[in-house]
Amino acid sequence: MSTSPETGSGSRPAGGTRSGGSAFRTVRTPRAADLVGAQLRRHIIGDMSDGETLPPESVLMERFGVARQTLREAFRVLEAEGLLTVRRGVHGGAVVHRPDGAVAARNAAVVLQSRGTTLADVYQARAMIEPACAARLAKNATGADVAQLREALRGTATPDTDAVEAIRALMGFHALIAQLAGNQTVALLTDLVRHIIELASEEQVVADPSSPTTRRALRSGHRTHEQLVDLIEKGDVAGARDLWTRHLEGSEDYLISGAARRTVLDLLN
């Protein structure tokens, strides 16, 4: 497991070399911290479970043949990626976190902020992705999938259900649709926009949790979700796609009414 960067000797000047009319650029040697981080990343993703601890720093320094500063630089990169939490002290260590969509969603939100992306744009992205997930699920769903969807809807629209809890449960149903559709890439893309949409949805509900408008929206959402499960159970691909498209467009009208031009930056700050 020993790794150290090759320094080489007699390297060409940084400007590159021309030979036979072809231009060559200097090959940059990876930093030791990058090499260590790459090996640790593969080990975490391929071999470790959430909550496990990496070996002590002294052990890793010996295995990689690097100094403590280099190892800690690699740790900082992995911490930024959400794969580690480093705890100092006698009972400290580098605790592993399995990768999930939350970190990617936060990073995507930062990019969207920098571009001044509006909430309307984010909702339109969801409306382009999720109906295809509903249609795919209607085509391929098992009995277990249908049972899981019905369980996810339990208690989300009863009169005594807290409005914020209800909207969170309904958002969770959207995530489940993408997950059960069976394409991991699409499920991740859905997570990227859902993180922002959940914040916007909760903000809207928290602002007026007991109003007739909010209660009607929650009840209507619950009924539509139930109808979608019925269509999925029947294998009605076109019906599931059409219903989910109309639902998403209607949800957008309620959740960002008067705020379509608000940006992701407005929401996250």
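The structure under discussion appears in the preceding block.
For the structure given in this document, a descriptive report is provided here. These numbers come from a predicted model, not from an experiment. (Residues numbered from 1 in each chain as written. Predicted model: local features only at pLDDT ≥ 70, side-chain atom pairs only at ≥ 80, totals over all residues. Heavy atoms only, no water.)

**A look at the overall build of the protein chain**
- When helices and strands are counted, the protein chain shows 11 helices and four strands.
- By element, 50% of the accessible surface of the protein chain is carried by carbon and sulfur atoms, the whole surface being about 15,400 Å². (Helix = DSSP H or I, 4+ residues; strand = E, 2+ residues; numbered from the N terminus. Areas by Shrake-Rupley, 256 points an atom, 1.4 Å probe, with all protein chains shown as cover.)

**Here's the deal with the packing of helix α5 (residues 119-140) against helix α9 (residues 212-234)**
- Running from N to C, α5 and α9 point in directions that differ by 45°, and their axes come no closer than 6 Å. In terms of their interaxial angle, α5 and α9 are classed as oblique. Residues A134, L137 and A138 of α5 pack against L228, L231 and I232 of α9. (Axes fitted to C-alpha atoms, helices over the stretch in contact; angles between N-to-C directions. Parallel < 35°, antiparallel > 145°, perpendicular 65-115°, else oblique. Contact = heavy atoms within 4.5 Å.)

**Quick notes on the pairing of strand β3 (residues 84-87)**
- Here β3 shows a buried face lined by L84 and V86 and an unburied face lined by T85 and R87.
- The hairpin turn running from β3 into strand β4 (residues 93-96), its antiparallel successor, is five residues long, and G89 in that turn takes a positive phi close to 105°. (Buried < 20%, exposed > 50% of the residue type's maximum accessible area, 1.4 Å probe, protein only. Pairing = 2+ DSSP bridges.)

**Points about the pattern of salt bridges**
- Considering all chains together, one arrives at 11 salt bridges under this definition.
- Linking E81 and R41 is a salt bridge whose minimum nitrogen-to-oxygen distance equals 2.9 Å. Here E81, found in the loop between α3 (68-80) and β3, pairs with R41, found in helix α1 (residues 32-47); they are 40 residues apart in sequence, far enough to count as distant.
- Exposure remark for E81: the relative accessible area of 31% places this residue in the partly exposed category.
- Overall, R41 belongs to the partly exposed group, its relative accessible area being 24%.
- The residue D191 makes a salt bridge to R194 at a minimum N-O spacing of 2.6 Å. A residue pair is termed a helical-turn pair when its members lie 3 or 4 positions apart in one helix, as D191 and R194 do in helix α8 (residues 184-207) at three residues.
- Members of the salt-bridge network, linked through shared partners, are E57, R68, R72 and R88. (Salt bridge = Lys/Arg side-chain N within 4 Å of Asp/Glu carboxyl O.)

**Structural notes on the environment of Q124**
- Structurally, the position occupied by Q124 is in helix α5.
- Classification of Q124 as partly exposed rests on a relative accessible area of 41%.
- Each C-alpha atom of the pair Q124 and E249 lies 8.2 Å from the other, and the pair is 125 residues apart in sequence.

**A closer look at the environment of E202**
- Relative to the elements of secondary structure, E202 occurs in helix α8.
- Spatially, the C-alpha atom of E202 lies 9.1 Å from that of E165, the residues being 37 residues apart in sequence.
- Filtering out sequence-adjacent residues up to four positions away, E202 remains in contact with V164, I167 and R168.

**A look at the side chain of R126**
- Within the secondary structure, R126 sits in helix α5.
- No salt bridge is formed by the buried R126, whose closest oppositely charged neighbour, E130, lies at an N-O distance of 4.1 Å.
- Apart from residues no more than four positions distant in its own chain, R126 is found in contact with P131, M171, H174, V193, I197, L248 and S251. (Lys, Arg positive; Asp, Glu negative; His and termini not counted.)

**Comments concerning the nonpolar core**
- Membership of the largest hydrophobic core comes to 37 residues, with the highest contact counts inside it found for L149, F173, I177, L228 and I232.
- Contributions of two or more residues to this core are made by α5, α6 (143-153), α7 (163-180), α8, α9 and α10 (237-255).
- Sorting elements by how many residues they give to this core places α7 first, with 11 residues.
- Aside from chain neighbours lying at most four places away, what touches L228 is A134, F173, I177, A240, L243 and W244.
- Within the second largest apolar cluster, 19 residues are counted, among which are L40, L54, L60 and L78. (Core = buried A, V, L, I, M, F, W, Y, C linked by side-chain atoms within 4.5 Å.)

**Considerations on α5**
- When the terminal C-alpha atoms of α5 are compared, their 32 Å separation across 22 residues agrees well with the 32 Å that a helix rising 1.5 Å per residue should span.
- Taken together, the buried positions of α5 are L119, A120, V122, Y123, R126, E130, P131, C133, A134, A135, L137 and A138. (Expected span 1.5 Å × (residues − 1).)

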